[in-house]
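Survey of secondary and tertiary structure
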Amino acid sequence: MNETALEMREATLRYGNVSVVADISFALSCGEIVGIAGSNGAGKSSLLRLACREQSPSEGRIWLAGEDLATVRPRDRARRMAVLPQHMHLQFDFTVQQVVALGRSPHGDGENAGKAIVENLLDTCELRHLAGRSYQSLSGGEQQRTQYARVLAQLLRKQPDEDLRGQVLVLDEPTASLDIRHQEQLVHTLKSLRHRGCAVLVVMHDINLLSRCADRLLFLKKGRMQSLAATAEQLRETTLSELFGFPMKVQPRDDGDLPLVYPDPAHHAF
Ligand SMILES: Nc1ncnc2c1ncn2[C@@H]1O[C@H](COP(=O)(O)OP(=O)(O)OP(=O)(O)O)[C@@H](O)[C@H]1O
């Protein structure tokens, strides 16, 4: 199997004559988590839309495990790549269980193996008590957890604990509505998916949370790659201050864990 799960080479996305993402090149390996960070409007969601072929690049090429993404049939792509968008609106009022089961659609096994996967995810994602509830009636965090379970249902091939090399998970702000307990749970599941060979591309505004899951961080500024490096190397005050356009502090920790990043409290910009 190809060790590169997803690769972009000189990918650009233009709306009219404005490039919202420009000249992006990187490779995501099987069993690797790449975190994407940057300011509002930097192009993070646009980059993810290119990665999952929701939009095709104006220039450049993208490969899924060595295959040109443009030639991978949509159903095949949906079996190999699961995507959690930033916003998700449902036209119909499904129950939580039905929403999670939607993830099995590309696999066509909803009545058999897929049912066991959905049942398992309702338990592991702590959704069992909500299974029969209308999705529309849920809180923001409950909806986000339901959607996360749906993409996990799509990501798994046949069994809850199988090898996931070649599978790609794309997440846009998956923790935006989650409480601390469920943020921690999500970080834990991402690490476990990585351990099983899954490749993950994830956007988060919380740089500390992102750093805790990502092997490498890709920093985007005005649609361009500012830098891509191992997480520890990216956590530098000058790099982060430039990225966010605000003075940032990086506090080393005694326990040898990654440093803590926070806005400089001495700076009074507003
Ligand atoms: N359909 C579109 N037509 C024109 N411009 C667009 C379109 N979609 C996005 N943009 C612009 O592209 C830029 C990048 O948007 P994108 O959603 O990728 O940013 P982002 O980094 O995900 O931002 P945020 O942190 O606010 O979610 C923004 O300036 C946005 O206004």
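Residues numbered from 1 in each chain as written. Predicted model: local features only at pLDDT ≥ 70, side-chain atom pairs only at ≥ 80, totals over all residues. Heavy atoms only, no water.

Positionally, Arg80 belongs in helix α2 (residues 74-80). Classification of Arg80 by relative accessible area gives buried; the value is 15%. (Helix = DSSP H or I, 4+ residues; strand = E, 2+ residues; numbered from the N terminus. Buried < 20%, exposed > 50% of the residue type's maximum accessible area, 1.4 Å probe, protein only.)

The domain architecture assigned to the chain consists of domain 1 (4-234) and domain 2 (239-269). The straight-line distance from the C-alpha centre of domain 1 to that of domain 2 is 27 Å. The interface is formed by 15 residues belonging to domain 1 together with nine residues belonging to domain 2. A buried area of about 1,000 Å², summed over both sides, lies between domain 1 and domain 2, and 61% of it is on carbon and sulfur atoms. Considering only the side of domain 1, the residues that lose the most area to domain 2 are Ile207, Asn208 and Gln226, jointly responsible for 39% of the buried surface there. (Domains from an automatic or database assignment. Contact = heavy atoms within 4.5 Å. Buried area = accessible area lost by both parts, 1.4 Å probe.)

Near the ligand lie 13 residues; those nearest to it are Gly41, Gly43, Lys44, Ser45 and Ser46. Within the contact set of the ligand, an oxygen atom lies 2.8 Å away from a backbone nitrogen or oxygen of Gly41. A distance of 3.4 Å separates an oxygen atom of the ligand from a polar side-chain atom of Gln86. When isolated, the ligand has an accessible area of 640 Å², and the protein chains bury 59% of it. For the shell around the ligand, the element with the most residues is helix α1 (residues 44-51), which contributes four residues. Tallied by class, the residues present in the shell around the ligand amount to three nonpolar, eight polar and two charged. (Near = heavy atom within 4 Å. Polar contact = N/O pair within 3.5 Å; in protein donor to acceptor, adjacent residues only side chain to side chain. Areas by Shrake-Rupley, 256 points an atom, 1.4 Å probe, with all protein chains shown as cover. Nonpolar A, V, L, I, M, F, W, Y, C, P; charged D, E, K, R; others polar.)

Moving on, we come to the pairing of strand β10 (residues 224-230). Two strands pair when backbone bridges link them, and strand β9 (residues 216-221) and β10 are joined in this way by six bridges, in the antiparallel orientation. Bridge pairing in β10 links Arg216 to Ala230. In textbook terms, the turn of a hairpin is the stretch between consecutive antiparallel strands, and for β9 and β10 this stretch comprises two residues, one of which, Lys222, has a positive phi near 50°. (Pairing = 2+ DSSP bridges.)

Here the focus is the environment of Leu48. Tracing the chain through its elements places Leu48 in helix α1. Separated by 206 residues in the primary sequence, Leu48 and Asp254 have C-alpha atoms spaced 35 Å apart. Excluding residues that lie within four positions of it along the chain, Leu48 makes contacts with Ile36, Val170, Leu171, Asp172, Leu201 and Val203.

Moving on: the pairing of strand β2 (residues 18-29). Note on strand geometry: in a regular strand, side chains alternate between the two faces of the sheet. Direction of pairing for strand β1 (residues 4-15) relative to β2: antiparallel, over a ladder of eight bridges. Its bridge partner lying in β2, Glu7 is registered against Ala27. Following β1, the chain reverses through two residues before pairing antiparallel with β2; Gly16 in that reversal takes a positive phi of roughly 60°.

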